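Breakdown of the fold
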Amino acid sequence: MQPDWIWGLIGGLLIGTGGAIYLLVNGRIMGASGIIGALVDGSAGDSKWERLSFLAGVILLPALLLPLYGGTVDTHITGNIPVLVAAGLLVGIGTRLANGCTSGHGVCGMSRLSLRGIVATCCYILAGGVGVVIFRHLLGVI
């Protein structure tokens, strides 16, 4: 068995820990799309700096951990730019439709046994599976 699974486990632990700390410090649920969305649309108000600090940690921590992995990470991401653009747009539209993303619904919502979080998580997991079938197996673009 390849040891790459450990990085997924570590990433999940880091996201869960970040969500717990965000809730304890700010009293609010950590949702990356909500954090970014409030910065983009200007509704962050007084929480602008805490949101920017959170995003800086999300960006900087993997960079700091990169030397532990050996300097290179193979993400298996496609080089097909139109597919990447379409995927980004679909994720953005999906997070707006669901009023949240995987960190808000999947990590924080499910851990609180929120029905809305559980239903949203089931929907985006199903949509991801359908997307893989369509884009990988039927269209062959990823």
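If you look the protein chain up in an unreviewed UniProt entry, it shows as YeeE/YedE family protein from Salipiger mangrovisoli. Taken verbatim from the UniProt record of the protein chain, the Sequence similarities (unreviewed entry) comment is "Belongs to the TsuA/YedE (TC 9.B.102) family." The Subcellular location (unreviewed entry) field of the UniProt record for the protein chain holds the comment "Cell inner membrane".

Topic: the packing of helix α5 (residues 102-111) against helix α6 (residues 115-138)
Relative placement of two packed helices is described by the angle separating their axes and the distance separating the axes. Running from amino to carboxyl end, α5 crosses α6 at an angle of 130 degrees, the nearest separation of the two axes being 8 Å. Looking at the two axes, α5 sits oblique to α6. Regarding α5 and α6, the two cross each other, and that crossing is left-handed. Touching Thr102, His105, Gly106, Gly109 and Met110 of α5 are Arg116, Gly117, Ile118, Ala120, Thr121 and Tyr124, all from α6.

Re the environment of valine 141
Along the chain, valine 141 falls in the segment after α6. Taking the C-alpha atoms as reference points, valine 141 and proline 82, separated by 59 residues in sequence, lie 9.8 Å from one another. Excluding residues within four positions of it along the chain, valine 141 makes contact with Thr78, Asn80, Val83 and Phe135.

What counts, and where the lines are drawn
- Counting of residues starts from 1 at the beginning of each chain's written sequence and follows it residue by residue.
- With pLDDT at 70 or above as the cut-off, local features in this predicted model cover only qualifying residues; side-chain atom pairs require 80 or more to be listed or tallied, and sums for whole chains, interfaces and linings still use all residues.
- The side-chain values count all of the structure's non-hydrogen atoms but skip hydrogen atoms and water molecules.
- UniProt positions are given in the numbering used here, feature names are shortened, and annotations may be inferred rather than shown by experiment.
- Inter-axis angles, ranging from 0 to 180 degrees, are taken between N-to-C directions of lines fitted to C-alpha atoms, where helices are fitted over the stretch in contact.
- A run of H or I in DSSP becomes a helix once it reaches four residues, and a run of E becomes a strand once it reaches two; helices and strands are each numbered from the N terminus.
- An angle below 35 degrees is treated as roughly parallel, one above 145 as roughly antiparallel, one from 65 to 115 as roughly perpendicular, and anything else as oblique.
- The crossing is said to be left-handed when, going from far helix to near helix, the turn is anticlockwise and less than a right angle, and right-handed when the turn is clockwise.
- Residues are treated as being in contact if the distance between any of their heavy atoms lies within 4.5 Å.

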